[in-house]
Every structure is written in structure tokens, then in C-alpha cells.
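Residues per chain, in single letters:
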Amino acid sequence: MKDDFLYLEISKNIAGLIRDGVLKAGDRLPSVRMLCQEHSISMNTAKRVFLELEAQSLISSKPQSGYFVSHLPYQRLALPAVSKPSPRLNNKEPRELLGKVYVNTGKKDLMLFSVGAPSGQLLPLAKLNKELMYATREVAASGTGYEQLQGNEDLLRLIAARSLSWGGRLREDDVITTAGGMNALSFCMMALAKPGDTIAMESPCYPGSLQLAKSLGLKVLELPTHPVTGVEIEALKKVVHKINLCLLVPNFNTPLGSCMPEENKKEVVALLTKHNIPLIEDDIYGDLYFGTQRPKCCKAFDTEGNVLLCSSFSKTLAPGYRVGWVAPGKYKEQILQLKLVHAISSPAITHAAVANFLKSGRYEHHLRKLRSALQQNYLHYIDAIAEYFPEDTKLSRPQGGLALWVEFNKKVNTSELFDIAMKHKISIAPGRMFTLQDQFENCMRLSTGLYWHEDVGLKLKQLGRLVTSML
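Residues numbered from 1 in each chain as written. Predicted model: local features only at pLDDT ≥ 70, side-chain atom pairs only at ≥ 80, totals over all residues. Heavy atoms only, no water.

K.L.:
For the pattern of salt bridges, give the residues involved together with the corresponding values.
P.N.:
Evaluated as defined, the whole model comprises 20 salt bridges. Lys237 is the partner of Glu234 in a salt bridge, and the nearest nitrogen-oxygen pair spans 3.3 Å. Highlighted residues: Glu234 and Lys237, both in helix H9 (residues 233–239), separated by three residues, approximately one helical turn. Exposure remark for Lys237: the relative accessible area of 34% places this residue in the partly exposed category. Salt-bridge contacts for Lys237 lead to Glu267; the nearest nitrogen and oxygen are separated by 2.9 Å. With Lys237 in helix H9 and Glu267 in helix H10 (residues 262–274), this residue pair connects regions lying 30 residues apart in the sequence. Overall, the relative accessible area of 33% leaves Glu267 in the partly exposed class. (Salt bridge = Lys/Arg side-chain N within 4 Å of Asp/Glu carboxyl O. Helix = DSSP H or I, 4+ residues; strand = E, 2+ residues; numbered from the N terminus. Buried < 20%, exposed > 50% of the residue type's maximum accessible area, 1.4 Å probe, protein only.)

Laid out in C-alpha cells, this is it:
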């Protein structure tokens, strides 16, 4: 445990020097032996430091020469600003814009930078097909019957076992399966709030969460959010007496891709627990980290059962299978009752297929390949943005997930850019989608879940030219 802490702490410090420009592209780093001497660590621990920095694409090795700081073209691009939503409750849903963007989901003749899910070419489709066939033979009544209310037993057990990766100690009985992540979130909101209650969320925020809250008659209070560290805790403290519940995506949220530091997660959990305000934690992107260490969940710091952890396999394995789950803590009975009323049972075949995929060990192998592909995508994207987009473009720095947040000059309206780009068979997600307020009009989210090929780079180049023409 001591070595684990040391290598992460040392790599974090070096990464900070690189990102802040103190260590510049081409600078040579200390050798493994020198690092051992400087920090009184073992050779293995020193090697893990360099592996972690390589995994983040911050350094590269040269045979017989050592390790050097990588060329980071995005360093000339500033970070997007910390969001400053109005403290007033707003209800300006961009329905027309949402309709125009979402109607394109699944269209094959478009470059869908707007869809926040991994491409089928990055997923193990053939193996999943085999698992579906196996599940049809093995599940009772070929999957035509109802399974138990809490969910597929194997899936519950395997989800609980995987909680060790994010610092949790879930048991099989702590988990309830759902028909996807949004289904889990909806059960949580329905269980915890009534029409007229106020829910606090990050700003910008996933449109589906905003629409869900509105559909349930909830008032949404958007919180200032940092593009690297997530929700501003001081802002949350100021409004904690005004809210009834809180929804956060601490790990690689969309669209910013921010990841809350562990100390922030711990502080948020303590703050909300003290005021008896439930925290719905959406960890749908947590497994898509670029480094060697999966970030912890807020649930890891929950000792009172006040955190309802939601996730799914939609962003990592099979979006259409609708396999989600929730660990609802002390609210388990309320969630089970809602599932009984609204669903009766989870889909038997797809849930059994995913359980078998996890049981075989193939899921971890697939995740390693997927994370590597997404990280390479991220590097391709930032290279293209740095080269082809206007020089005053601002860009997020996610260390995982499926999204890049791009902020342009105020002269650029991305809702108008969407209409222009569609004429060139390019679909983007305008920033106005991610808020109920009049903000983010000059921002957009780009999905990095596409299978990278030459056409993707050409479309990014074309998109950059379209933005430049608007200035």
C-alpha cells in the first residue's frame, strides 16, 4: 500500500510539472536509478511511475536514451473556464435543439461526433453474440420468463466483486439491476424526491439527467464546475440548505470529462451526509480511465448508506443491451418497490449474457483494449483541434471517458454551427444542450468514442474550417 501511494504521488507531481509547462516537450527525465535515489523507492516502484506517465501519454521512452517529455500540441490551448451558472432556478429546456441532435442517433451517413457512446467497431460483438446464444439456451424458459426482482444472481455477484476496483466493498445483496443507467437514475430520483423539490447538478450536465429531473417536476440548481476537478465544493456548501438531493458524475463526466480528486469526493459525501441530503452518484464512465489506476467512487467514502451509486455497461460494452444497476444504500426497499411497479423484472437474456461475459474474464481484457483505443482517439482529436481549430479555442483535459469539451470565441454560436456542419454530414453536440440556462452557446461536446480512421480526421479538419469561417 505504501508503494502504491508513492508511485501515484510521484507520477502525479511529475504530471503536474509537465501540464503546467515547467517540464517542456523534449526535456529528459531522471533515469529509473536516479528516481530511486531521489525518492528512496525501489526499482519496481520507479518503473511504475514511468508506466503511469506513459499511460497518460505525457512521456515516451527512447531506446538507450531514457524517458522524455512528449510533445503536447494542446498545451497552447487554454482550459475552458470554470462554469458560472446563475444561482437562480431556471427551466429553459432547449427542446428544439435536443430534437434536432438526437434524431440523428444511429444514422450511418453522418460523422456522429454528437453520440456519447463507443462505436460498435470498438466492442466485442462476435463474443457478445455467442453469449446471447448461450444465455438463450441456459436461462430458464429461454429468457421468456421473469427473473427475480433484485436481478440476475450471477450479475449481482460479479458487480459486487468488481466494486473492489473503486474502493468499495459491496455485497451481492447491496445491488439491484436495472434496464440501463438512466433507468437506475430515474428510480433514484423518484424514490428520493417529489415534484417541486430541488436537485443540484454539475453545470454543464448530461442532457438526459436534466430532462429526467424536469419530467419528474424537480427544480434543477446548476452548480459551478471546474473542467479538471469537477463541482466546486464551496458553491455546493452555499446552497446545501436549499436542495433536497444531489446528482453528481465524479469520474470523467460528460461533457467536461472532469474527475474529482479523492479528497473532494470524501468532503462532498461528508457534507451531504451531515445535512441528510442523498447523493445520487452516476459512475457510468469510471472504468474508462486512461492511466493505470481506476478512480475511486464517492460510494467508497459512504458509511451511512446515503450514496446511491448508479452505473451500467452501456458506455463500456453494449449500449443497446440496457444492463444497468444501482447500489442504493439505505434506500434499497424504496428502489425495489419502484422496480416492481415500473418494470417487474430486468431483461433476462441480455443481463445473463453480460454476466457470462464478466464471469469468463473477457470483460477486463476488453476494457484494456477499449481504454487504449479511447486514449489514442483522444490524442488524435487534440492533435487535430490544435492544428485546425482557431488559436483561441479552449479545450478540456479529460483523463478518461468519452468526451471533449471545446470552448470557442463568443462570436461562435454552436447551435448555428450544428446546422452548418450538418450540411457537411457532421453532427456535433452544441453546448446549449447541457444546461437549462442561457449559457455555453459558444461551446460544444465532441464524442471520442468513434473508431478512428482517416475520415474522422478529415471531418475534424473540415469542422475547424467551418468554425474559423464563423469568426
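Structure's up, so let's keep going.
K.L.:
If you had to explain the packing of aromatic side chains to someone new, which residues and values would you point to?
P.N.:
Inspection of every chain in the model, using the stated rule, returns eight aromatic pairs. For the ring pair Phe389 and Phe408, a centre distance of 6.0 Å and an interplane angle of 25° mean the geometry is stacked. With Phe389 in the loop between helix H13 (362–388) and strand S13 (394–395) and Phe408 in the loop between strand S14 (403–407) and helix H14 (414–422), this residue pair connects regions lying 19 residues apart in the sequence. Of the two residues, Phe389 and Phe408, neither departs from the other in class, the shared state being buried. Pairing Trp405 with Phe440 gives two aromatic rings, centres 5.6 Å apart and planes at 85°, and the pair type is edge-to-face. Placement of the pair is Trp405 in strand S14 and Phe440 in the loop between strand S16 (429–430) and strand S17 (443–447), with a sequence separation of 35 residues. Under the relative-accessibility criterion, Trp405 is labelled buried at 2%. Residue classification places Phe440 among the buried residues on the basis of a relative accessible area of 11%. Each member of the aromatic cluster is reached from another via a ring pair, and the members are Phe113, Tyr381 and Trp452. Lying over the aromatic face of Tyr289, Arg371 brings its terminal NZ or CZ to 4.1 Å of the ring centre. (Phe/Tyr/Trp six-rings, centres within 6.5 Å; stacked < 30°, edge-to-face > 60°. Lys NZ or Arg CZ within 6 Å of the ring centre and 35° of its normal.)

K.L.:
For the sheet that holds strand S10 (residues 279–282), give the residues involved together with the corresponding values.
P.N.:
Taken together, seven strands build an open sheet; the order of strands is S4-S12-S11-S10-S9-S5-S6 and the sheet is mixed. Of all the strands in the sheet, just strand S4 (176–178) and strand S6 (219–223) have a single pairing partner and so form its edges. Taking each pair of neighbouring strands and ignoring which way they run, the sheet shows an average axis angle of 25°. The sheet contact formed by strand S5 (residues 198–202) and strand S9 (residues 245–248) spans three bridges and is parallel. Residue Ala200 lies in a different strand from S9, and its bridge partner there is Cys246. Sheet contacts for helix H8 (residues 207–215): S5, S6 and S9; angle to S5, the most-contacted strand, approximately 175°. (Pairing = 2+ DSSP bridges. Axes fitted to C-alpha atoms, helices over the stretch in contact; angles between N-to-C directions. Contact = heavy atoms within 4.5 Å.)

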